[in-house]
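# Chains, contacts and geometry: an overview
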Amino acid sequence: MGYAAGVGKTYKMLEEAHQLKAAGVDIVIGYFEPHGRQDTIAKSEGLETISRKTIDYRGSTFEEMDTDAILARHPQACVVDEFPHTNIPGSARGKRWEDVQVLLDAGIDVLTTMNIQHLESLNDQVWNISGVRVRETVPDWVVQQADEVVMVDLTPRALLHRLQRGVVYERGKAEQALQKFFRESTLVALRELALRQAAHEVEYRISNVTVQTRKHHKILVLITANPKTAMAIRRAKRIGDFLGAECFAVTVQPSGDLSGLPEVDREAVERHLNFARNLHIETRILEGEDVASAVVDFGRRNQITQIFVTRPRGWSSLPALTRDPVQRIIGLAKDMQIVIVSDREPAAQ
Amino acid sequence: MKREVRRKTPEELLLECQAEEAAAKKGHLKIFLGYASGVGKSFRMLDEARRRRERGQDVVVGAIQPKVPPEIEPLLKNLEVIPLKRIDAGAAIDLDALIRRHPLVCFIDGLAYSNPPGLRNPTRWQDVQELLNAGIKVIASINIQYIAELQKDVEAITGKHVTETVPVSFIKSADEIEIVDAPPEEPVERPPDEQAEAHERDQRLSRLRELALVLAADVVDHQLNAYLECHGLKQQFGANERILVCITPRANMQEMMETAQIIAHRFHGELTVAYVNQPNISSEDQTALDARLAIANAAGAHIEILEGEDPADVLLDFARSRGITQLFVGHTQRRGLSRLWGSPIGKLIRDSRGMDVRVFPQ
């Protein structure tokens with residue numbers, strides 16, 4: 001785990017691969033992205049590399065990891081660079097992390113690299129910090145499956161020096177990179193996020209850590225067509241993971257399914273439900289005319305302690321005419337905490 | 001109460017900050033932080049010495065560990081080492097020789113040593129401070145066990161008491177900190193009785209590792225705030241979770257604090273409890289308020305008593321200035337919904353950009 005390109009993740013991973021090989025482990029390189037970096041390329045020498053697979057897509061040829069060839073070779077351990085990578089359409093699986101799951105299922109140990117920016121639950125915070133909406137994300141539960149998470153650290157100043165010396169990217173591309181992720185304040189903030197995440201990953205793996213809580217928390221997220229719902233889902237999941245709390249997501253529809261919604265809203269709600277499921281959140285469609293009472297009823301029946309919602313759009317001071325469910329949920333939920341999730345938008349630079 | 005202050009331009013602020021930095025400290029300090037011996041701090045640090053030397057920098061090693069691991073020997077062969085000065089029973093870095101030699105960068109492997117009696121400074125970190133004052137850049141290594149303020153935590157984990165420590169303020173004064181992270185050694189096949197012991201050792205190491213990562217994150221957070229302040233930047237990044245519990249005399253303190261404490265604990269975040277002073281509160285309310293503040297105090301929260309006319313504005317201004325990421329407020333049922341959006345809580349929810357608002361039933 002690192003916080004930016006060029007901190008030395010791949011180098012460190014290859015170094016460990018050499019150590020494992022020296023200790024007698026049958027290890028191969030399944031995928032390695034050299035980025036033209038001489039030190040890293042030198043480190044890959046002396047390790048067996050499985051050739052990449054070529055895939056034709058729209059008249060161009062792309063290279064991807066050849067998962068089948070690795071399975072056929074079946075080493076004890078395998079090095080796979082760039083865990084969050086999205087495979088080219090036409091590949092057997094959409095994401096490289098899904099290929100890695102296949103290798104793990106076959107009993108092959110995997111060493112892989114990723115930056116903190118790609119962790120799904122931090123997507124809004126990363127957007128806020130860097131102004132970049134990262135599209136290639138890895139669900140948190142996938143990272144939690146790792147037996148170990150190691151932080152590859154480098155100070156931002158040293159990283160910026162590397163960048164200026166042309167070690168990380170070729171010129172031109174480096175200047176482009178300097179604009180966004182590589183501002184010093186952005187790097188420092190991302191690094192802090194990575195360090196805190198690494199600390200959490202360590203704590204998560206200490207088996208008998210228990211903190212005295214009288215209350216066992218259970219979280220519910222309200223899903224609507226509002227595009228901010230994705231933020232509420234991420235935040236609920238992140239808080240839930242840190243608290244060790246179960247997480248549910250519900251949407252309330254009069255018909256008990258999505259058929260009554262206009263197409264645009266139906267697509268949005270479906271997308272949000274899918275997103276929640278991909279993060280391993282259990283989802284339900286509740287039947288009901290009144291969103292607030294349906295949510296609060298569900299909460300009571302299922303011992304929910306916290307309900308996560310998006311910020312209401314309107315602010316009616318005339319409650320009799322108020323239609324916003326969030327306002328009503330706060331009024332109705334006498335035994336639950338309601339979390340109104342903030343819009344985390346890019347900080348002005 | 002309004003004050004008219006001309007805001008400084010970013011350029012002015014930058015110059016001011018740079019001047020302050022230069023006045024406060026001449027040399028630049030970089031620290032390699034590890035969580036146990038054997039994670040490879042010495043190697044990483046001396047490998048940096050090698051690279052700097054290859055780039056033509058004037059590099060000197062001022063201290064090495066008493067036992068040199070085999071992988072470090074080849075590195076040391078190509079580096080200039082100024083040996084420790086032996087005095088009676090102990091040894092210390094040769095401060096005078098180092099200052100006379102005045103390299104561009106001095107490497108100190110092991111920051112937490114006490115000097116033998118009779119020397120200018122009782123500890124090595126104070127010697128390092130002198131090197132910095134003399135304008136020498138210092139790169140040093142330390143293990144988390146030797147941070148003074150973490151002694152209680154470390155002892156609880158390891159059961160060992162160390163006497164040679166470095167204050168955390170010195171670590172935080174570093175211009176750069178780099179953590180050397182590695183998981184505890186790969187488990188090897190052991191007989192069952194040793195297996196349990198090895199497992200416990202791994203757990204202990206993991207706890208130390210977590211402490212080290214959190215300390216590094218705190219130092220980085222400190223640097224980030226200094227950087228933002230220095231550049232006159234107002235934005236807050238929320239890389240650290242900061243919780244503000246807003247209380248009133250009737251706040252449901254137990255539930256609010258319980259949730260706040262566990263979230264702060266799990267995220268290694270900060271917890272602040274704030275109260276906005278109200279004029280003419282009853283003695284009954286004052287007693288209730290005092291009891292709540294005592295609970296906050298006992299929980300180790302920072303406590304802020306704020307002043308101002310509009311409680312919501314005061315709390316939001318304070319929250320923004322502190323980079324709060326989560327605002328905890330109570331919602332009084334009795335007053336009913338009709339008051340909600342006209343109440344301070346409604347305003348807090350509406351205007352709390354960048355912060356989650358957690359509403360507690362009262």
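Residues numbered from 1 in each chain as written. Chains lettered and ligands numbered in written order. Predicted model: local features only at pLDDT ≥ 70, side-chain atom pairs only at ≥ 80, totals over all residues.

Turning our attention to the overall build of chain B. When helices and strands are counted, chain B shows 12 helices and 13 strands. Residues classed as buried in chain B amount to 38% of the 362 residues present. Long-range pairs, those at least 24 residues apart, make up 73% of the contacts in chain B with a sequence separation of at least 6. (Helix = DSSP H or I, 4+ residues; strand = E, 2+ residues; numbered from the N terminus. Buried ≥ 20, exposed ≤ 12 C-beta atoms within 10 Å, placed from the backbone. Contact = placed C-beta atoms within 7 Å.)

When the domains of chain B are assigned, the result is domain 1 (25–230) and domain 2 (242–361). Computed over C-alpha atoms only, the centres of domain 1 of chain B and domain 2 of chain B are separated by 41 Å. (Domains from an automatic or database assignment.)

A few words on the interface of chain B and chain A. Contacts between the two partners involve 53 residues from chain B and, on the opposite side, 52 residues from chain A. Taken together, the elements giving at least two residues each to the side of chain B that touches chain A come down to β8 (176–179), α8 (192–230), α9 (253–267), α12 (344–351) and β13 (356–361) of chain B. Considering every element that reaches the side of chain B that touches chain A, the biggest residue donor is α8(B), with 15 residues. In terms of residue class, the side of chain B that touches chain A is made up of 25 nonpolar, 15 polar and 13 charged. Pairing of strand β11 (residues 337–341) of chain A with β13(B), which is carried by 3 bridges, proceeds in the antiparallel orientation. Counterpart to Ile338(A) in the pairing with β13(B) is Val359(B). (Nonpolar A, V, L, I, M, F, W, Y, C, P; charged D, E, K, R; others polar. Pairing = 2+ DSSP bridges.)

Residues and elements named next belong to chain A. Along its sequence, chain A is organised into domain 1 (9–205) and domain 2 (218–341). Computed over C-alpha atoms only, the centres of domain 1 and domain 2 are separated by 34 Å. Listed per partner, the contact involves 8 residues of domain 1 and 9 residues of domain 2.

Glancing now at the nonpolar core. The biggest cluster of nonpolar side chains holds 109 residues, and the ones touching the most others in it are Val79(A), Leu195(A), Leu33(B), Phe107(B), Ala212(B), Leu213(B) and Ala216(B). A total of 12 residues in this core trace back to one element, the largest contributor, which is α8(B). (Core = buried A, V, L, I, M, F, W, Y, C linked by C-beta atoms within 7 Å.)

On to the confidence of the model for chain B, then. Note that predicted coordinates carrying low pLDDT should not be read in detail. Residues and elements named next belong to chain B. Here chain B averages 86 in pLDDT, while 87% of its residues score no lower than 70. The model gives residues 1–7 a pLDDT under 50, and that stretch makes 0 contacts with residues more than four places away or in other chains. Between residues 334–341, whose pLDDT stays under 50, and residues either more than four places distant or in other chains, the model counts 12 contacts. Confidence metrics for the complex model read pTM 0.88 and ipTM 0.88. (pLDDT = per-residue confidence, 0-100.)

Residue and element names in this part refer to chain A. Looking at chain direction, strand β5 (residues 77–80) and strand β6 (residues 109–112) are connected through 4 bridges and run parallel. By the bridge assignment for β6, Val79 is matched with Leu111. In this fold, β5 hands off to helix α4 (residues 96–105), which returns the chain to β6; that crossover is right-handed. (Right-handed = clockwise from strand over helix to strand, strands pointing away.)

Once that is clear, we can look at the packing of helix α9 (residues 184–205) of chain A against α8(B). Axes are the key here: two packed helices are described by the angle between their axes and the distance separating the axes. Where α9(A) contacts α8(B), the two axes come as close as 9 Å, and the packing angle between them is 160°. On the basis of their axis angle, the class for α9(A) and α8(B) is roughly antiparallel. Considering only the axes of α9(A) and α8(B), their crossing is left-handed. Class assignment for the residues of the contact of α9(A) with α8(B) results in 14 nonpolar, 3 polar and 9 charged. (Axes fitted to C-alpha atoms, helices over the stretch in contact; angles between N-to-C directions. Parallel < 35°, antiparallel > 145°, perpendicular 65-115°, else oblique. Left-handed = near helix turned anticlockwise from the far one by under 90°.)

All names here are of chain A. Counting buried positions over the 5 residues of strand β10 (residues 306–310) gives 5, a clear majority of the element. Alternating positions in β10 separate into two faces, Gln306, Phe308 and Thr310 on one and Ile307 and Val309 on the other, with burial throughout. Sheet topology places strand β7 (residues 218–222) next to β10; 3 bridges connect them, and they run parallel. Residue pairing across strands places Val221 opposite Phe308, the latter belonging to β10. Strand direction decides the pairing type here: β10 and β11, joined by 5 bridges, are parallel. Looking at the pairing, Thr310 lines up with Val341 of β11.

On to the packing of helix α5 (residues 123–130) of chain A against α9(A), then. Residue and element names in this part refer to chain A. Contact geometry for α5 and α9: axes closest at 9 Å, N-to-C directions at 160°. The angle between α5 and α9 falls in the class roughly antiparallel. Regarding α5 and α9, the two cross each other, and that crossing is right-handed. Here α5 contributes Gln125, Ile129 and Ser130 to the contact with α9, which in turn contributes Thr186, Ala189, Leu190 and Leu193. Split by residue class, the contact of α5 with α9 holds 4 nonpolar, 3 polar and no charged.

Bringing the sheet that holds strand β6 (residues 105–109) of chain B into the picture now. All names here are of chain B. If you walk across this open sheet you meet the 6 strands as β3-β2-β6-β7-β1-β8, and the pairing is parallel. At either margin of the open sheet sits one strand with a lone partner, and together these are β3 (80–81) and β8. Its contacts with the sheet place α8 against β1 (29–34) and β8, and it is angled at close to 155° to β8.

What follows covers the environment of Leu289(B). All names here are of chain B. Its place among the elements puts Leu289 in helix α10 (residues 283–298). Taking the number of C-beta atoms within 10 Å as the measure of exposure, Leu289 has 21 and is therefore buried. In the structure, Leu289 is positioned 57 residues away from Gly232 in sequence and 37 Å away in space, judged by C-alpha atoms. When residues no more than four places from it in sequence are discounted, the contact partners of Leu289 are Pro249 and Tyr275.

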